[in-house]
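Here is how the chains run, residue by residue.
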Amino acid sequence: MDHPTYSSIAGDLAGGDDTPLLPPQPKTVRETGLELALLVELAAKALFGSGRTQLPALTTRLRLSINVLREVFDFMVAEQLAEVAWRGGSDLDVQYQLTSAGRQRAAAWLERSPYAGAAPVPLAVYRAMLQRQSAALAPVGADAVAAEFAGDCMPAHVRQLAGAALHAHRSLLLYGAPGSGKTTLARRLGRLLEGSVAVPYAVAVGQEIVLVHDAAVHHPPALPARAGADRRSSDTRWAQCARPVLHLGAELGADMLDLRHDAFSGCYHAPAHVKAAGGLFIVDDLGRQRLPAAELLARFTQALDTGADRLALAGGHKFAVPFDATMVFITNQAPDTVLDPSSLRRIGYKVHVGPIDEAAYRALFRQQCHHLGLAPDETALAYLVGELHRASGQPLLAGFPHAILARIRELAAFLGEPATVTPASVDRAWSSMFALAPAAGRAA
């Protein structure tokens, strides 16, 4: 049930600042939007595991305010489920413990569901937050794209089309030969996402708990919160995070796209695209997953069209959540060999990332030399372009300079020698990349 406290979220998020505010801190059980019974259960489980515990420690564990927990424990004391174990000189200096009846009740609750973590936010509130912050987040603009790729070797039409896909919040397919820089491009697109998002630690779906926050995906924002925003006055069931960038490759399977029940913790884990809400979901190596590419895309077809996805609990109960991640697919294969025409049409932008021109390749090689702390050598560069690329027919791909120079450094470090860029060192690096015998008699 949506609660009036949360009806103000839209106003908080649409105030013109690119850092969304978290919802206000609930000061009563009613303002949490949760049933008192659920909060009593969580509090009892917390005490069951830790014994007599100070009130401030419980606020940290359950992510509820002191006032809410006081109301919860007043009820538990009245029902003889808990008791005050010790009281100090201040209102905060108080410890609670379970009564015998409370321990019995908590044990039964833990047997039904072991979850004893942060109090969740209601599903309706989670939906409202995603919808409202999606409308408030700043779109990617041409100036930001130009600044991110200033001095870059990527052809202008590639970065412009990719930027347009982000601006329009439409799916994107990057395709081209291995080493063309597709993955690097996708990751750099993630750096264009400005602002931050509010992510709940957990969401209540009926009697079930779904964990959404993932420390491996959700990171603190680079910029501090808006001046005047007091974290202590915000609902600590939410975390303010940089817009997420979630990158998965061939390991992506069908099981990662649906709710996953964890019997040990007694809750569900949100699927990858839900964790990526408000950000970028990169699917690399399309065509190498454990499920066919067309089937993978079909999983998102309706969500891409409607902006909402349907998830199912183990008992079959289904519920909808906004689909708010921008999808970026990457493949080394020809698009028409990976996806059928219908699937291809459903992807908003298809962008080929191919070879770069010779001048850009040479500039990138010099740039990567400086980036890796190596002195560029024009003779070695001329040998790389004029001999190795030309003789082998290998295209001038943006990923090659870094790969070659990294191998030069690695071999030198292994031998305990200074890393130098020479025709011989380039030749050795090239042969290690393509399983070729190095050129005989090449002088250093």
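Residue numbers run consecutively from 1 along every chain, following the written order of its sequence. Per-residue local features are limited, in this predicted model, to residues with pLDDT of at least 70; the limit for side-chain atom pairs, both in listing and counting, is 80 or more; totals at the level of whole chains, interfaces and linings are taken over all residues. To get the side-chain values, all heavy atoms of the structure are used, and hydrogens and water are removed first.

## Some thoughts on the sheet that holds strand β3 (residues 94–98)
Using the following cut-off: Strands qualify as paired when DSSP identifies two bridges or more between them. Helix and strand assignments come from DSSP, with helices taken as H or I runs of at least 4 residues and strands as E runs of at least 2, each series counted from the N terminus. We call two residues in contact when some of their heavy atoms are within 4.5 Å. Inter-axis angles, ranging from 0 to 180 degrees, are taken between N-to-C directions of lines fitted to C-alpha atoms, where helices are fitted over the stretch in contact.
The 3 strands lie next to each other as β1-β3-β2, forming an open sheet whose pairing is antiparallel. Two strands lie at the open edges of the sheet, namely β1 (53–54) and β2 (82–87), each paired on one side alone. By the bridge criterion, 5 bridges tie β2 to β3 in an arrangement that is antiparallel. If you follow tryptophan 86 over to β3, its bridge partner there is glutamine 95. Of the strands in this sheet, β1 and β3 are in contact with helix α3 (residues 36–50), which crosses β3 at around 90°.

## Observations concerning the state of the cysteines
Stated formally: Disulfide: a pair of cysteine sulfur atoms within 2.5 Å of each other. Burial classification: accessible surface area is computed with a 1.4 Å probe over protein chains only, and a residue below 20% of its type maximum counts as buried, one above 50% as exposed, and the rest as partly exposed.
Counted under the stated rule, the structure contains 0 disulfides. The cysteine cysteine 267 is free of any disulfide, with cysteine 241 supplying the nearest cysteine sulfur at 18 Å. Left unpaired, cysteine 369 is separated from the closest cysteine sulfur, that of cysteine 153, by 14 Å. The exposure class of cysteine 369 is buried, given its relative accessible area of 0%.

## Remarks on helix α4 (residues 55–62)
Put simply, the rule reads: Summarising the geometry, the arc corresponds to the directions from the helix axis toward the C-beta atoms.
Among the residues of α4, Leu55, Leu58, Thr59 and Leu62 are the ones counted as buried. On an axial view of α4, the arc spanned by its buried residues comes to 105°, and they lie on one face. Those residues of α4 hidden inside the fold are in contact with α3, β1, α5 (66–78) and β3. Where α4 terminates, the next one or two residues include arginine 63, which has phi positive at roughly 60°.

## What to know about the packing of aromatic side chains
Our working definition: Working definition: a ring pair exists when centres of Phe, Tyr or Trp rings (six-membered ring for Trp) sit within 6.5 Å. Plane angles under 30 degrees give stacked, over 60 give edge-to-face, the rest tilted. Put simply, a charge is over a ring when the Lys NZ or the Arg CZ is close to the ring centre, within 6 Å, and near the line of the ring normal, within 35 degrees.
Evaluation of the coordinates by the stated rule reveals 6 aromatic pairs. Ring geometry for phenylalanine 73 and tyrosine 96: centres 4.2 Å apart, planes at 10°, overall stacked. One end of the pair, phenylalanine 73, is in helix α5; the other, tyrosine 96, is in strand β3, with 23 residues separating them in the sequence. With a centroid separation of 6.3 Å and 80° between ring planes, the pair formed by phenylalanine 400 and tryptophan 430 is classed as edge-to-face. Residue phenylalanine 400 is found in helix α17 (residues 400–415), and its partner tryptophan 430 is found in helix α18 (residues 423–434); the two are separated by 30 residues along the sequence. Like tryptophan 430, phenylalanine 400 is buried. Among the aromatic residues, those joined into a cluster by ring pairs are Phe281, Phe300 and Phe323. Arginine 63 extends its terminal NZ or CZ atom over the ring of tyrosine 201, reaching a point 3.9 Å from the ring centre. We note arginine 103 situated over the ring of phenylalanine 48; from NZ or CZ to the ring centre the distance is 4.5 Å.

## Regarding a nonpolar patch on the surface
Where we set the bar: Patch rule: a residue counts if its relative accessible area is over 30% and it has no salt bridge; like charges are joined within 9 Å, and nonpolar side chains (Val, Leu, Ile, Met, Phe, Trp, Tyr) within 5 Å. A 1.4 Å probe and the Shrake-Rupley method give the accessible areas. Residues count as covered only by the protein chains that appear here. The working definition used for a salt bridge is a side-chain nitrogen of Lys or Arg within 4 Å of a carboxyl oxygen of Asp or Glu.
A cluster of nonpolar side chains, namely Leu411, Phe414 and Leu415, defines an oily patch on the protein surface of about 320 Å² accessible area. With respect to the element layout, leucine 411 can be found in helix α17.

## Let's talk about the sheet that holds strand β12 (residues 267–269)
Read from one edge of the open sheet, 5 strands run β4-β7-β8-β12-β11, paired in mixed fashion. Where the open sheet ends on each side, the last strands, each with one partner, are β4 (121–122) and β11 (260–262).

## A closer look at the packing of α3 against α4
Note the threshold: Helix crossings fall into two classes, left-handed where the near helix is turned counterclockwise from the far one by less than a right angle and right-handed where it is turned clockwise. When residue character is reported, Ala, Val, Leu, Ile, Met, Phe, Trp, Tyr, Cys and Pro are called nonpolar, Asp, Glu, Lys and Arg charged, and the others, Gly included, polar.
Between α3 and α4, the shortest axis-to-axis distance is 11 Å and the interhelical angle comes to 115°. In this structure, α3 crosses over α4, and the sense of that crossing is right-handed. Between α3 and α4, the residues in contact are Leu42, Ala43, Ala46, Leu47 and Ser50 and Leu58, Arg61 and Leu62, respectively. Taken together, the residues of the contact of α3 with α4 break down into 6 nonpolar, 1 polar and 1 charged.

## Brief notes about the confidence of the model for the protein chain
Basically, it comes down to this: Confidence of the predictor in every single residue is expressed as pLDDT, which spans 0 to 100.
For the protein chain, the average pLDDT comes to 90, and 91% of its residues sit at 70 or higher. Mean pLDDT across the secondary structure elements of the protein chain bottoms out at helix α1 (residues 9–13), with 42, and peaks at β4, with 98. The low-confidence segment residues 1–20, where pLDDT is below 50, has 42 contacts with residues more than four positions distant or belonging to other chains.

## With respect to the environment of aspartate 309
Which entries qualify depends on this criterion: Any pair of N or O atoms that falls within 3.5 Å is considered a polar contact. Within protein, one atom must be able to donate a hydrogen and the other to accept it, and sequence-neighbouring residues count only if both atoms are side-chain atoms.
Tracing the chain through its elements places aspartate 309 in strand β14 (residues 308–312). Residue classification places aspartate 309 among the buried positions, given a relative accessible area of 6%. When the C-alpha positions of aspartate 309 and leucine 92 are compared, they lie 43 Å apart, and in sequence the two are 217 residues distant. What aspartate 309 contacts, discounting residues up to four positions off in sequence, is His273, Arg299, Ala303, Phe319, Ala320, Val321 and Phe323. Looking at aspartate 309, its side chain comes within polar contact range of the side chain of arginine 299, at 2.9 Å.

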